[in-house]
Amino acid sequence: MNKIETRLNELGIQLPEVPKPVANYVPAKQAGNLIYIAGQIPVENGIVKKGRLGKDISLEESKYATKPCAIGCLAAIKTLCSLDKVTSIVAMHGLVNSTSENTEQADAMNGASDFIVEVFGEIGKHTRTAVGVSVPHNIAASVYMIAEVAN
């Protein structure tokens, strides 16, 4: 077992199967040393977390929803290479389902960001965007990522 998977086991995290795309795209694509990961949604035990921050779900629930999105991103990376080949999580972008009045999207994205740094340490620190939108199907969040990997 590699170092990152060992760390995930220590945290009690098992990477899920990467869902088959529902449209004409791929879950992850490598270009040079960068892997671009398509938006991942919050799925745990086969259940999709739904709700709108500021209406249906609290900040804590929204923050909790972004973490499985990040876990999905790691599963997508693993379809292309070992997670030990990751040299940097370059960027993470979050689309948080929220009301137009809500301003806590960055706080909600801390669930994903904190998890990635907990797993990778210093190389997990990344640039980030967090925006409030109406996510399709009332899904609580969607997170996409860019990771750099060693050859």
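Quantities reported herein were computed from a predicted structural model and do not represent experimental measurements.

Enquirer: Quick one: what's the story with the state of the cysteines, residue by residue and with numbers?
Expert: Taken as a whole, this structure holds zero disulfides when the rule is applied. Cysteine Cys73 is unpaired, with the sulfur of Cys69 as its nearest cysteine sulfur at 7.3 Å. Residue Cys73 is classed as buried on the basis of its relative accessible area of 0%. You can see Cys81 has no disulfide; the closest cysteine sulfur is in Cys73, sitting 14 Å from it.

Enquirer: Give a detailed account of the sheet that holds strand β7 (residues 141-149), specifying residues and quantitative values.
Expert: With respect to topology, five strands assemble into an open sheet ordered β1-β2-β7-β5-β6, the strand pairing being mixed. Each edge of the open sheet is held by one strand with a lone partner, namely β1 (28-31) and β6 (127-133). With strand direction ignored, the average angle separating the axes of adjacent strands in the sheet is 15°. Where β1 lies against strand β2 (residues 34-40), four bridges are found, and the strand directions are antiparallel. Paired with Gln30 across the two strands is Ile35, which belongs to β2. On the sheet, helix α2 (residues 59-78) packs against β1, β2, β5 (86-97) and β7 and is oriented at approximately 40° with respect to β7.

Calculation notes
- Residues numbered from 1 in each chain as written.
- Predicted model: local features only at pLDDT ≥ 70, side-chain atom pairs only at ≥ 80, totals over all residues.
- Heavy atoms only, no water.
- Disulfide = S-S within 2.5 Å.
- Buried < 20%, exposed > 50% of the residue type's maximum accessible area, 1.4 Å probe, protein only.
- Pairing = 2+ DSSP bridges.
- Helix = DSSP H or I, 4+ residues; strand = E, 2+ residues; numbered from the N terminus.
- Axes fitted to C-alpha atoms, helices over the stretch in contact; angles between N-to-C directions.
- Contact = heavy atoms within 4.5 Å.

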